Amino acid sequence: MHSDGPKALLRANTEAAQAAGVFGVPAFDVDGKLFWGLDGLPMLRAYLDGDAWFDGPAWDDTGCARPGVVRG
């Protein structure tokens, strides 16, 4: 247990998670890739099974914000 007690441990873990980009639970950081939420578990499984999709540019593009509406 953290030397300052459970509240300090919770605070330290929360700050570390925020710094790592975690914004949902459960969250798994595997090889520098962040998988979060129950609906992300199949994606995590695919990664662990060696799905080639994660080796291409699609994974890197998933973090890019895209506009919801484009007006011309």
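Data block above holds the structure.
Reading the values: rules and limits
- Residues numbered from 1 in each chain as written.
- Predicted model: local features only at pLDDT ≥ 70, side-chain atom pairs only at ≥ 80, totals over all residues.
- Heavy atoms only, no water.
- Core = buried A, V, L, I, M, F, W, Y, C linked by side-chain atoms within 4.5 Å.
- Buried < 20%, exposed > 50% of the residue type's maximum accessible area, 1.4 Å probe, protein only.
- Contact = heavy atoms within 4.5 Å.
- Patch = residues over 30% accessible without salt bridge, like charges linked within 9 Å, V, L, I, M, F, W, Y side chains within 5 Å.
- Areas by Shrake-Rupley, 256 points an atom, 1.4 Å probe, with all protein chains shown as cover.
- Salt bridge = Lys/Arg side-chain N within 4 Å of Asp/Glu carboxyl O.
- Helix = DSSP H or I, 4+ residues; strand = E, 2+ residues; numbered from the N terminus.

**Concerning the nonpolar core**
Line of reasoning, step 1. One finds V30, F35, L44, Y47, F54 and W59 forming the largest nonpolar core, which totals six residues.
Line of reasoning, step 2. Excluding its chain neighbours within four sequence positions, the residues that come into contact with V30 are F35, L44, Y47 and L48.

**Focus: a nonpolar patch on the surface**
Line of reasoning, step 1. Judged by side-chain polarity, F28, L38 and L41 come together as a nonpolar surface patch covering roughly 280 Å² of accessible area.
Line of reasoning, step 2. Relative to the assigned elements, F28 resides in strand β1 (residues 27-30).
Line of reasoning, step 3. Given a relative accessible area of 34%, F28 falls into the partly exposed group.

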